[in-house]
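Close look at the chain arrangement
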Amino acid sequence: MSVTRKNYPFPEFEARWQKHWLEAGAFRATNPGDPDFRTDARKYFVLDMFPYPSGDGLHVGHVEGYTATDILARYHRLKGDNVLHPMGWDAFGLPAEQYAIKTGQHPRITTQRNIDNFRGQLQSLGFSYDWSREISTTDPEYFHWTQWIFLQLYNAWVNPTTNRAESISTYTGEDPDSVRLAFVSDKPVNWCPELGTVLANEEVVDGKSEVGGFPVERRPMRQWMLRITAYTERLITDLDGLDWPESIKLLQRNWIGRSEGAEVRFSLEGLEEAVTVFTTRPDTLFGATYLVLAPEHPLVETITPSAQAEAIIAYKKSCSAKSDLERTDLAKEKTGVFTGAFAINPVNDEKIPVWIADYVLTGYGTGAIMAVPAHDERDHEFATTFNLPIRSVVRADEPQGEKTQGCFSGTGTAVNSGLLDGLRTPEAKSKIIPWLEERGVGRGTITYKLRDWLFSRQRYWGEPFPIIWENGSHRPLTPEDLPVEPPEMEDFKPTGTAEPPLSKATEWVRYSETASRELNTMPQWAGSCWYYLRFCDPKNPERFISKEAEQYWMGRTGTPGGVDLYVGGTEHAVLHLLYARFWHKVLFDLGHLTTPEPFQRLVNQGMILGDDGQKMSKSRGNVVNPDAVVAEYGADSLRLYEMFMGPLEHGKPWSMTGVEGVYRFLARVWRMAMRENQEGNWVLSEDLAEQELTSAQRRVLHATIKKVTQDIESLSFNTAISQMMIFTNEFTNAKPRPLEALRLFLPLLSPFAPHLVEEIWSLLSAKFAGFGGLASQSAWPSWNEDYLIVDEISYAVQINGKVRGHLIVPTGADKESVEKAAFADPLLAEILEGKEVKKVIIVPGRLVNIVLA
RNA sequence: GGCGGUGUAGUCCAAUGGCAGAGACAAGCGACUUAAAAUCGCUCCAGUGUGGGUUCGAGUCCCACCACCGCUACCA
């Protein structure tokens, strides 16, 4: 830390103002019904992705997003809005539990310590959160309602006629458990032996766990699932009405992975069973030269003649032995075995062989494909490896040249395809589907990549399920039984088997003589799926959110989303943001919410890189600790620097000298009002005076109000700061300095550097009029366009687009007089000597372009 | 491999299709100072990754390529 004297005395006042704001409740949002609720104010709900309180503390990446939202929150307060700007903790999760296992400390203790640390760090940055609304997902008063929402899911189904969730009591079929939105499944799941838990598809990357990078294998286990697939269409179409980055919408659409195509039934030679395949290219049916089933396909045993049985069993064994990691590693080499069975192609009655291969996945489509090696790369590779026939049935529009070796997977014209010959690919598709349907051998259909959400984990540190098992069947607890708190346990280590750690709490597990509790817990995502709702009404003991609070904070007219602005990192594009939308829609369908979408406007902050341009990491040694920056340069400098680095959405490298730059700027602002006297104390500057602004000063001031206002609205904080630097450069040396400039400027700076502004504001209010109260609660200034007008404008004079001279004309001159003035210029006359003018283009206020023949 | 994003001064970054520079960092010079720091003032530097195209006019729009970053990956 520097021992030199600070350029401005931030250590003397930053902590003081933080304390003052907190004690005064300066940033408290009011709900309808509160005594000081203002009915005339508009609501503004600006939300951060609440952090997981890790032991490492706050990262400069957190600070970036949190500063952006804090600026918006403070800006909207100054505009008079009722601003909801809350903070909380996503505190269940694997790292806390693993740390607890390592150190023997209960996760509740370490989590509480980390939360206290995070809260202290956030408060030291002056963020204007309404701390009276703080929540933690691990608090029983909070997860009470997480469990309640699970019961809503358990007790609901999506009625196919309305395509909306409703009470399970409206279901008239025989097996309600087959349609519940929360259900039990025995399908193969992602099991991570190292972590001792199962994981959602979204948590598995390259066959490894997203947390820790441990190998993940597939094995069948009894697990709770959430039927997110019932919402695929709405999760896609409702993206349209949201003000989100297109790239994030695209990520979600791709993750949901909608594919239009057809299912086609291939009968099997000598057998009653048939194989149904899914294809997006039914127009290539005539080019299908073999079928492939996934090794786990249920028909494999049935269709395999005894002669082949051994080879098939051996292959299946080798596949299941492979972890997902190995399967992806070996992606290039296609493997497979002929089953010995043959299928009949329904379009031409051709007899084609049936193979099994692990490049066909059991979970997608029907788990079986028709292979068209001439027009699908994977099929082509497989057919080449195993010497299977390749038949071309689509002619490319353009000759493929040398690439006769490869396959053509684009669209073109059907050939060698009987009734489809001569048709373009889209027409061929729409002709063959009705043809298949008429003959009962196929139908048009849509499949999705999105699978149901695996919702249970074999962990201790998570929400217990409000479920009881008795005689092998499950039933829900009632809302009166909530919350279900986890048992106090000394030993919460994973058991090393699929048996969850809660099984060791035998007292807790036993619910009655014959019934026992569900032993799994919910995944970390559960708590973050609805926390934004709880912020609206965090203390309500009766409901997860009151009707009034929900309608007020989440209601919007004309748009589907409730939260006005949501800022966070891209890493949640397909996890949290998809899960939260799903829960929100279920609660909406069940009548608990008024909007169909949770987040209207979403912004992703870019990643802050180390000063070497690399991702910050401990191993690279390029991590910047926000606490150290605050200690050396102050909270305002850190906030301002992170906003000045560049566009919010972009990745940008850290630069300590850049921090010094904004620090010097803040010191200049300080010296606009303050002067250091002989004794080395800061006193109000004698240059300050109630003085009329010059027209040049007034122009800069109002241009600054305009630019900062517009740039905050568009989240262009870096250019807003740049404009405030222009203002400061203009005014630091002005003598006398008009107080009016500070009255209007300080509120502009206060969302960015709130401590500094608050301090100057209070020092000025002691001596001058018009600075009363807190700067954080003053008013946002407005600008006057008239003050921005200048008397004369310089026009560029171009010949054929090249600048050749300049021209000063009075503001507001019409095109004709500008043109006249341009031609009156003797320099121009010289250049134009003997040339023919073809065209004159005049851009008002900017330039004259003379086009010569 | 696919998708998305970004390429502008030594560096970070600005520029509704209209004079490439708002701001900052770094560098240099000067003022103040016994000196230094701090502060103040001034100065320097690119024709916008490459190649085409559209246009009176392109950093900006279109096409192709290159580089870097991010996401995704046998999804039929």
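Everything numeric here is computed off the predicted structure, so don't read it as measured data.

**Describing helix α22 (residues 717-731)**
Between its first and last C-alpha, α22 extends 21 Å over 15 residues, near the 21 Å set by a 1.5 Å rise per residue. Buried residues of α22: F717, N718, A720, I721, Q723, M724, M725, F727, T728 and F731, and no others. Residues of α22 that are buried in the fold lie against α2 (60-78), α19 (635-644), α20 (656-673), α21 (695-713), β36 (737-738) and α23 (739-749).

**Quick word on the pairing of strand β40 (residues 847-852)**
Most of β40 sits inside the fold, with five of its six residues counted as buried. Two strands pair when backbone bridges link them, and strand β39 (residues 837-843) and β40 are joined in this way by six bridges, in the antiparallel orientation. Directly across from I841, in β40, lies its bridge partner N849.

**Some details on the sheet that holds strand β25 (residues 473-476)**
Spatial strand order, β25-β24-β26: three strands in an open sheet with antiparallel pairing. Both outer strands of the open sheet, β25 and β26 (515-517), are each paired with one neighbouring strand and no more. Neighbour-to-neighbour, the strand axes of this sheet turn through a mean angle of 35°, independent of strand direction. Of the pairings in the sheet, the one linking strand β24 (residues 467-470) to β25 comprises four bridges and is antiparallel in character.

**Quick word on the packing of aromatic side chains**
This structure, assessed with the given rule, holds 57 aromatic pairs. The interplanar angle of 55° and the centroid separation of 4.9 Å between the aromatic rings of W355 and F386 together place this pair among those described as tilted. Taken as a pair, W355 in strand β18 (residues 351-356) and F386 in helix α11 (residues 377-386) lie far apart in primary sequence, 31 residues in all. By relative accessible area, W355 is classed as buried at 10%. For the ring pair Y531 and Y532, a centre distance of 6.3 Å and an interplane angle of 85° mean the geometry is edge-to-face. When sorted by exposure, Y531 lands in the same class as Y532, which is buried. Pairwise contacts between aromatic rings join F150, Y154, W224, Y231, W453, F455, F465, W469, W525, Y579, F582 and W583 into one cluster.

**Some remarks on the domain arrangement of chain A**
When the domains of chain A are assigned, the result is domain 1 (15-136 + 533-609), domain 2 (148-227 + 452-525), domain 3 (259-447), domain 4 (682-787) and domain 5 (790-852). Here domain 1 and domain 2 have C-alpha centroids that lie 27 Å from each other. With both sides pooled, the region where domain 1 packs onto domain 2 buries about 3,000 Å², and carbon together with sulfur makes up 70% of that total. Of all residues in domain 1, F92, Y579 and W583 give up the largest surface area on contact with domain 2, accounting jointly for 24% of the area buried on that side. One can count three salt bridges joining domain 1 with domain 2. Between R108 and E488 there is a salt bridge, with its nearest N and O atoms 3.1 Å apart. Per-element tally for the side of domain 1 that touches domain 2: the top contributor is helix α17 (residues 576-589), with eight residues. Residues of the side of domain 1 that touches domain 2, tallied by class, amount to 18 nonpolar, eight polar and four charged.

**A look at the sheet that holds strand β13 (residues 223-226)**
Sheet architecture is open: three strands sit in the order β7-β13-β23, paired in antiparallel fashion. Across the chains shown, the open sheet's two edge strands, defined by having one partner strand only, are β7 (182-185) and β23 (453-454). Inspection of the sheet shows β7 paired to β13 by four bridges, in the antiparallel sense. By the bridge assignment for β13, V184 is matched with W224.

**Quick word on the packing of α19 against helix α24 (residues 754-765)**
Where α19 meets α24, the closest approach of the two axes is 7 Å, and the angle between their N-to-C directions is 130°. Comparing the axis directions of α19 and α24 gives the class oblique. Two secondary-structure elements touch here, α19 through A635, D636 and R639 and α24 through P754, H755 and L756.

**Notes on the packing of α2 against α19**
Contact geometry for α2 and α19: axes closest at 9 Å, N-to-C directions at 95°. When the axis of α2 is compared with that of α19, the two are roughly perpendicular. Contacts between α2 and α19 involve V60, V63, E64, T67, A68, D70, I71 and R74 from the first element and L638, R639, E642 and M643 from the second. Looking at the contact of α2 with α19, its residues break down into six nonpolar, one polar and five charged.

Calculation rules
Counting starts from 1 at the beginning of each chain's written sequence and moves along it residue by residue. The lettering of chains begins at A and the numbering of ligands begins at 1, in the order of writing. Per-residue local features are limited, in this predicted model, to residues with pLDDT of at least 70; the limit for side-chain atom pairs, both in listing and counting, is 80 or more; totals at the level of whole chains, interfaces and linings are taken over all residues. Side-chain figures throughout are based on the complete set of non-hydrogen atoms in the structure, without hydrogens or water. To qualify as a helix, a DSSP run of H or I must reach at least 4 residues; to qualify as a strand, a run of E must reach at least 2; elements of each kind are numbered from the N terminus. Multiplying 1.5 Å by the helix residue count minus one yields the expected span of that helix. Buried, partly exposed and exposed residues are distinguished by accessible area as a fraction of the type maximum, computed with a 1.4 Å probe on protein chains only: under 20%, between the cut-offs, and over 50%, respectively. Residue contacts are defined here by distance: any two heavy atoms, one from each residue, within 4.5 Å place the two residues in contact. Two strands make a pair as long as DSSP finds a minimum of two bridges between them. Every axis corresponds to a line fitted to the C-alpha atoms, with the helix fit spanning only the stretch in contact, and the corresponding angles, defined between N-to-C directions, vary from 0 to 180 degrees. Each Phe, Tyr or Trp ring, with Trp reduced to its six-membered ring, pairs with another whose centre is within 6.5 Å; inter-plane angles below 30 degrees give stacked pairs, above 60 give edge-to-face pairs, and intermediate values give tilted ones. Annotation comment: domain bounds sourced from an automatic or database domain assignment. Buried area, as used here, totals the accessible surface that two parts lose on assembly, with accessibility defined by a 1.4 Å probe and the loss added over both. When a carboxyl oxygen of Asp or Glu lies within 4 Å of a side-chain nitrogen of Lys or Arg, that pair is called a salt bridge. Residue classes follow a fixed rule: Ala, Val, Leu, Ile, Met, Phe, Trp, Tyr, Cys and Pro count as nonpolar, while Asp, Glu, Lys and Arg count as charged, and any other residue, Gly among them, counts as polar. Any angle that is under 35 degrees is reported as roughly parallel, and any over 145 degrees as roughly antiparallel; angles of 65 to 115 degrees are reported as roughly perpendicular and all others as oblique.

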